[in-house]
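Working through the structure, step by step
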Amino acid sequence: MTGFLASVATLNEMEVARAGGADIVDLKDPAHGALGAWDVAALQKAVPLWWSWPDPKPRLSATVGDRPMEPEALLAAVERVASKGAPMVKLGIFPGGDPVACFSALRSVAEETDLVAVFFADAAPDFDLLPEIAAAGFAGAMVDTADKSSGGLRRHLGDAELGAFVRRARALGLMTGLAGSLKLEDIAPLTALRPDYLGFRGALCAGARTGRMTEAAVARIRSAVNARRPSV
Ligand SMILES: O=C[C@H](O)COP(=O)(O)O
């Protein structure tokens, strides 16, 4: 059953996403890149707010910013977020650098925190890295887009390639997610690929993805994802 991840930019948007039924509330600052990080002060308020929610609460994730694949610097960025209590941390696989050394440097953090590696469909994603990601103890892998002006996910990768990604990651025991300027019309074809969740930001906002999240847009996406769920 495919879930719904909502990327939120503020504490108020956390509440909007929770009230609208998001399965994962993802702390991300869209004004600072594809995986823009929340500042530390805001993160320190977000984690206790999440804990204060009644069960069943959505899962909470947080991004670390758009970082080059340099093991020491990336480890420091991931630890900065994980140490604030975010139970799931998303980090991007950007071109260049040494991704394998990065995964290995993150192995000890992965023992305590669910790490999610984010491939970018518009930045030559190398899915042959999936076994290294799984071997380092990551919890999941997803595909998103880096340049939000370059079109949505399915403009860069076909459904067959995305389906192959989902199957390959799942076979390695990884949770799988798909995102990248997704719109209502992407929900049916992408849920058919059976990812664990679909991620949204732009489609939840008035205007651009840096705009304000609206309750109506969250409800529209929630109900479209629900509509694709098998009935019991
Ligand atoms: O992780 C999901 C992303 O925040 C998606 O953002 P987007 O829909 O603006 O590309």
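Starting from 1, residues in each chain are numbered consecutively following that chain's sequence as written. Reporting of local features is limited, given that this is a predicted model, to residues whose pLDDT is at least 70; pairs of side-chain atoms are given and counted only at 80 or more, and all residues count toward the totals for whole chains, interfaces and linings.

All right, on to the confidence of the model for the protein chain then. Every residue is assigned a pLDDT by the predictor, reflecting its confidence on a scale from 0 to 100. On average, residues of the protein chain score 96 in pLDDT, and 98% of them are at 70 or above. Interface confidence for the predicted complex, expressed as ipTM, amounts to 0.98; the pTM equals 0.96.

This brings us to the nonpolar core. Take the buried Ala, Val, Leu, Ile, Met, Phe, Trp, Tyr and Cys residues, join any whose C-beta atoms are within 7 Å, and the set you get is a nonpolar core. Here a residue counts as buried when 20 or more other C-beta atoms sit within 10 Å of its C-beta, as exposed when there are 12 or fewer, and as partly exposed otherwise, the C-beta atoms being derived from the backbone. Judged by nonpolar contacts, the single largest core of 72 residues is most densely connected at Ala6, Val89, Ala117 and Leu198. Strands are runs of DSSP state E lasting at least 2 residues, helices are runs of H or I lasting at least 4, and numbering of each runs from the N terminus. Looking at this core, the element that brings in the most residues is strand 5 (residues 114-120), giving six residues. Note on contacts: residues are paired as contacts if their backbone-placed C-beta atoms lie within 7 Å. Beyond its immediate sequence surroundings of up to four residues, Ala117 is in contact with Leu91, Ile93, Ile133, Phe138 and Ala141.

Turning next to the site of the ligand. Nearness rests on one distance test: the residue's C-beta atom, set from the backbone, must lie within 6 Å of the molecule or strand. Close to the ligand lie 17 residues, the nearest being Ser7, Ala179, Gly199, Arg201 and Gly202. The set of elements that each furnish at least two residues to the shell around the ligand consists of strand 1 (3-8) and strand 8 (197-200). Residues are grouped as follows: nonpolar covers Ala, Val, Leu, Ile, Met, Phe, Trp, Tyr, Cys and Pro; charged covers Asp, Glu, Lys and Arg; every other residue, Gly included, is treated as polar. Residue composition of the shell around the ligand, grouped by class: five nonpolar, six polar and six charged.

With respect to the element layout, Ala82 can be found in helix 3 (residues 71-82). Sequence separation of Ala82 and Ala110 is 28 residues, and the distance between their C-alpha atoms is 9.8 Å. Non-local contacts of Ala82, meaning those with residues more than four positions away in its chain, are made with Val89, Val109, Glu112 and Thr113.

The next subject is the environment of Ser150. Here Ser150 is to be found in the loop between strand 6 (140-144) and helix 7 (153-156). If we ignore the near neighbours within four places in the chain, the residues touching Ser150 are Asp122 and Thr145.

With that out of the way, let us pick up the environment of Ala117. Assignment of secondary structure puts Ala117 in strand 5. Judged by the 25 C-beta atoms lying within 10 Å of it, Ala117 is buried. On a C-alpha basis, the gap between Ala117 and Met142 in space is 6.3 Å, while along the polypeptide they are 25 residues apart.

As a further point, take unusual backbone geometry. Note that the residue after Asp55, namely Pro56, is joined by a cis bond; omega there is 0°. Assignment of secondary structure puts Pro56 in the loop between helix 2 (40-52) and strand 3 (59-63). Residues other than glycine seldom take positive phi values, yet Arg194 does so here, at roughly 60°. Position of Arg194 relative to the elements: it lies in the loop between helix 9 (184-191) and strand 8.

This brings us to the UniProt feature "active site" (unreviewed entry) in the protein chain. UniProt positions are given in the numbering used here, feature names are shortened, and annotations may be inferred rather than shown by experiment. Per the UniProt annotation, the sites labelled "active site" (unreviewed entry) are Lys28 and Lys90. The greatest C-alpha distance among the annotated residues, which extend across 63 residues, is 9.5 Å, indicating that they converge on a single site. With respect to the helices, strands and loops of the structure, Lys28 is situated in the loop between strand 2 (24-27) and helix 2. In this structure Lys28 comes out as buried when scored by C-beta crowding, with 26 C-beta atoms within 10 Å.

Quick look at the pairing of strand 3 now. With respect to burial, strand 3 is a largely interior element, four of its five residues being buried. Strand pairing is assigned whenever DSSP detects at least two bridges linking the two strands. Strand direction decides the pairing type here: strand 2 and strand 3, joined by four bridges, are parallel. Pairing of Val25 across the sheet is with Leu60, part of strand 3. Consider the strands pointing away from the viewer: the crossover is right-handed when the path from the first strand over the helix to the second runs clockwise. Note that the unit made of strand 2, helix 2 and strand 3 has a crossover that is right-handed. In the sheet, strand 3 pairs with strand 4 (residues 88-92) via three bridges, with the strands oriented parallel. Each residue of the ladder has a partner; that of Ala62, found in strand 4, is Val89. Crossover strand 3 to strand 4 through helix 3 is right-handed.

A few words now on the sheet that holds strand 3. Two pairing modes exist for strands in a sheet, parallel and antiparallel, and in both the strands are linked by backbone hydrogen bonds. Read once around its circumference, the closed barrel built from eight strands follows the order 1-2-3-4-5-6-7-8, with strand pairing classed as parallel. Going from strand to strand, the sheet's axes swing by 25° on average, the running direction of each strand aside. A fitted line through C-alpha atoms represents every axis, and for helices the fit uses only the stretch in contact; the resulting angles, taken between N-to-C directions, go from 0 to 180 degrees. Where helix 8 (residues 159-171) meets the sheet, it contacts strand 6 and strand 7 (175-178), and its direction lies at approximately 160° from that of strand 7. Helix 10 (residues 215-227) contacts strand 1 and strand 8 of the sheet and is inclined by roughly 160° relative to strand 1.

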